[in-house]
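# Residue-level structural notes
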Amino acid sequence: MVSQHSLPGPTQRLSFREMTGEDLDDMAALLGDPEVMRYYPRPKTREEASGWIEGNQRLYRKYGHGLWLITLRDIGEFVGNCGLTPQDVEGTVHIEIGYLVRAELQGNGYATEAAAACRDYARDVLHLDKLIAIINPDNVPSQRVAEKLGLSLERHATYNERQQRIYVGNL
């Protein structure tokens, strides 16, 4: 079933769509990859990947956005996920821009391209005035993506019982 929610428009190389249960194999491979998940507490199990999809489906229903599946526009190949999710950081809820790209596709600019489309969607469609990114202090590539989007390091915070860097950008 296709949702009536809007999506970020396609970019030069990428397309967005809502996740479905049919994406479990791809999402389980992404979230279960130790390289992709190296800045998370641990890779996720197939069951947790299913929960990830279901959680995003709940976000689509409640807010009209969440993490979307990203694919290569020309061939439909699975790239990862990227999108906008509400996150409670030390008692305040912010909209976070998040992105994960398959390990073998990292370094090609896909995260930046997808995240820029999501940032523009947040500004132009959702009319948000601010986005955050919660990034592990050791995750330099993700910090670079946030900076390319116009976000800058605001502070360090405890998130999910771990010290993280909080990047913030006004839209």
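As shown above, the structure is provided for reference.
What comes next is a walk through the structure. (Residues numbered from 1 in each chain as written. Predicted model: local features only at pLDDT ≥ 70, side-chain atom pairs only at ≥ 80, totals over all residues. Heavy atoms only, no water.)

## A look at unusual backbone geometry
Negative phi is the rule for most residues except glycine; trans is the rule for most peptide bonds. Even without a glycine there, the phi angle at His127 is positive, about 60 degrees. Take His127: it is sitting in the loop between helix 3 (110–124) and strand 5 (130–135). Given a relative accessible area of 62%, His127 falls into the exposed group. The residue Asn160 is not glycine, and still its phi comes out positive at about 50 degrees. Considering the arrangement of structural elements, one finds Asn160 in the loop between strand 6 (152–159) and strand 7 (162–170). (Helix = DSSP H or I, 4+ residues; strand = E, 2+ residues; numbered from the N terminus. Buried < 20%, exposed > 50% of the residue type's maximum accessible area, 1.4 Å probe, protein only.)

## Considerations on the side chain of Arg102
Along the polypeptide, Arg102 turns up in the loop between strand 4 (92–101) and helix 3. Residue Arg102 is classed as buried on the basis of its relative accessible area of 17%. Polar contacts involving the side chain of Arg102 include one to the side chain of Glu77, which spans 2.9 Å. Those residues in contact with Arg102 that sit more than four places away from it in its chain are Leu30, Val36, Glu77, Phe78 and Val79. (Polar contact = N/O pair within 3.5 Å; in protein donor to acceptor, adjacent residues only side chain to side chain. Contact = heavy atoms within 4.5 Å.)

## Observations concerning helix 3
Between its terminal C-alpha atoms helix 3 stretches 21 Å, which fits the 21 Å expected from 15 residues at 1.5 Å a residue. Every buried residue belonging to helix 3 is among Tyr110, Ala111, Thr112, Glu113, Ala114, Ala115, Ala116, Ala117, Cys118, Arg119, Tyr121 and Ala122, and all of these are buried. Check the buried side of helix 3 and you find it contacts strand 1 (14–17), strand 2 (67–72), strand 3 (78–89), strand 4, strand 5 and helix 4 (140–148). (Expected span 1.5 Å × (residues − 1).)

## A few points about the packing of aromatic side chains
Inspection of every chain in the model, using the stated rule, returns two aromatic pairs. Between Phe16 and Trp68 the ring centres are 6.3 Å apart and the planes differ by 85 degrees, which places this aromatic pair in the edge-to-face class. One end of the pair, Phe16, is in strand 1; the other, Trp68, is in strand 2, with 52 residues separating them in the sequence. Accessibility expressed as a relative area gives 8% for Phe16, which makes it buried. Take Trp68: its relative accessible area is 0%, and that puts it in the buried class. Aromatic side chains Trp68 and Tyr121 sit 5.3 Å apart centroid to centroid with 85 degrees between the ring planes, which places their arrangement in the edge-to-face category. In this pair, Trp68 is assigned in strand 2 and Tyr121 in helix 3, connecting sequence segments 53 residues apart. What makes Tyr121 buried here is its relative accessible area of 5%. Grouped by ring-pair contacts, the aromatic residues Phe16, Trp68 and Tyr121 constitute a single cluster. (Phe/Tyr/Trp six-rings, centres within 6.5 Å; stacked < 30°, edge-to-face > 60°.)

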